[in-house]
Amino acid sequence: MTLQLDKLAQTQIQHTPYEHCVVPEFIDPQILDQLNQDFPDLTDPANHSVDKLNYGPAFKALVDQLNHPSFSDMLGEKFGVQLTGYPSTITVRGQCELSDGDIHTDHWTKIVTVLLYFNTEWPHEGGRLRLLNSATDIDDYAVEVNPEGGKMLAFLRSDHSYHGHKRFVGERRILQMNWVKPTRLAQITQKFDRFLTHTMKRMSRLGNTA
């Protein structure tokens, strides 16, 4: 198995600054190299729906395991919420740009966010995700997650689940999975806001190259 669910089972939910858990080596280290070989070829700094990407068999096995009820059952039990049977999304990103890392809480339609990291090492100061105590100070953090390969961060989305990271430009391989509220309005709102965010970032990149 690519995912080491026993490690998640043994990990306690932390409550500061909000409900979250960090699981090192959630991805079996023996499979990480193959996952990176099979990782989608992404050269632009954007989130891509996994359904629209090409990737190798090891990465497909990972996606299949993430979509299996055994994962959502365990994670939902950890956080005390219903996830199994709820709509979910998986996006993949390979590059980071200067506009990334702004403090935010994730969209209100999301229930739980899971982040999986793939870079085999991370010597950089920027790009380390911080779980923040407030909405205004990137240095006022309770937890800093080094995005090293195989590590998983999961957190319960709330109005105070502020997070962000210092600026970094370069390769930062990450998979994000979200379970979302099962209403038509929530799905439409999320898609519209995602489109708006992508449009604003695209305009910003064009402005910086002008």
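Since the structure is predicted, the reported quantities are computational estimates derived from the model, not experimental observations.

A few words now on the overall build of the protein. Helices and strands together make up the secondary structure of the protein, namely 5 helices and 9 strands. Element order for the protein, N to C, with α for helix and β for strand: α-β-α-β-α-α-β-β-β-β-β-β-β-α. Split into buried and exposed, the 210 residues of the protein put 49% on the buried side. Taking contacts inside the protein between residues at least 6 apart in sequence as the whole, the part at least 24 apart equals 81%. Put simply, the protein shows about 10,700 Å² of open surface, and 50% of that area lies on carbon and sulfur atoms.

Quick look at the sheet that holds strand β6 (residues 141–145) now. The 3 strands are arranged β6-β5-β8 in an open sheet whose pairing can be described as antiparallel. Among the strands making up the open sheet, the edge pair consists of β6 and β8 (163–164). Sheet topology note: the strand β5 (residues 129–132)/β6 ladder contains 4 bridges and is antiparallel. When the bridges of β6 are listed, L132 appears paired with Y141.

A few words now on the pattern of salt bridges. One pass over the full model with this rule turns up 10 salt bridges. Across the salt bridge formed by R130 and E144, the nearest N and O atoms sit 2.8 Å from each other. Here R130 is found in strand β5, whereas its partner E144 is found in strand β6, with 14 residues between them in sequence.

This part is about unusual backbone geometry. Residue P17 is reached from T16 by a cis peptide bond, and omega for that bond is 0°. Note on placement: P17 falls in the loop between α1 (5–9) and β1 (20–23). With a phi angle near 55°, E25 is a residue other than glycine that sits in the positive phi range. Locating E25 in the fold gives a position in the loop between β1 and α2 (29–38). A positive phi is found at D106, a non-glycine position, where the angle reads about 75°. Turning to its location among the elements, D106 is positioned in the loop between β3 (88–96) and β4 (110–117). Looking at D106, the relative accessible area reads 12%, which means it is buried.

Below, the discussion takes up the packing of α2 against helix α3 (residues 57–66). Packed helix pairs are specified by the crossing angle of their axes together with the interaxial distance, meaning the distance between the axes. Where α2 meets α3, the axes come as close as 7 Å, and the angle between the chain directions of the two elements is 105°. Between α2 and α3, the angle is such that the two are roughly perpendicular. Contacts between α2 and α3 involve Q34, L35 and D38 from the former and P57, A58, F59 and L62 from the latter. Classifying every residue of the contact of α2 with α3 by side-chain character gives 5 nonpolar, 1 polar and 1 charged.

Before going further, it helps to examine the side chain of D100. Here D100 shows up in the loop between β3 and β4. By relative accessible area, which is 7% here, D100 ends up buried. One polar contact links D100 to R93, side chain to side chain, over a distance of 2.6 Å.

Here the focus is helix α4 (residues 69–79). What α4 keeps buried is the set F71, S72, L75, G76 and F79. Considered in projection along α4, the buried side chains sweep an arc of 120° and stay on one side of the axis. Buried residues along α4 sit in contact with α1, β1, α3, β4, β7 (152–156) and β9 (170–180). Of the residues one or two after α4, G80 is the one with positive phi, at around 70°.

A few words now on the nonpolar core. In terms of nonpolar packing, the biggest core is built from 36 residues, with F59, F71, L75, F118, M152 and L175 touching the most fellow members. In this structure, L75 is in contact with L8, L83, V112, V114, M152, A154 and W179, ignoring residues within four places of it in sequence. Within the second largest apolar cluster, 10 residues are counted, among which are L129, L131, V143 and V145.

Further remarks concern the confidence of the model for the protein. With 87% of its residues at a pLDDT of at least 70, the protein reaches an overall mean of 89. Across residues 196–201, where pLDDT falls below 50, the model places 5 contacts with residues more than four positions away in sequence or in other chains. Below pLDDT 50 for its whole length, residues 203–210 participates in 2 contacts with residues either more than four positions away or in separate chains.

What counts and what doesn't
- Residues numbered from 1 in each chain as written.
- Predicted model: local features only at pLDDT ≥ 70, side-chain atom pairs only at ≥ 80, totals over all residues.
- Heavy atoms only, no water.
- Helix = DSSP H or I, 4+ residues; strand = E, 2+ residues; numbered from the N terminus.
- Buried < 20%, exposed > 50% of the residue type's maximum accessible area, 1.4 Å probe, protein only.
- Contact = heavy atoms within 4.5 Å.
- Areas by Shrake-Rupley, 256 points an atom, 1.4 Å probe, with all protein chains shown as cover.
- Pairing = 2+ DSSP bridges.
- Salt bridge = Lys/Arg side-chain N within 4 Å of Asp/Glu carboxyl O.
- Axes fitted to C-alpha atoms, helices over the stretch in contact; angles between N-to-C directions.
- Parallel < 35°, antiparallel > 145°, perpendicular 65-115°, else oblique.
- Nonpolar A, V, L, I, M, F, W, Y, C, P; charged D, E, K, R; others polar.
- Polar contact = N/O pair within 3.5 Å; in protein donor to acceptor, adjacent residues only side chain to side chain.
- Arc of directions from axis to C-beta.
- Core = buried A, V, L, I, M, F, W, Y, C linked by side-chain atoms within 4.5 Å.
- pLDDT = per-residue confidence, 0-100.

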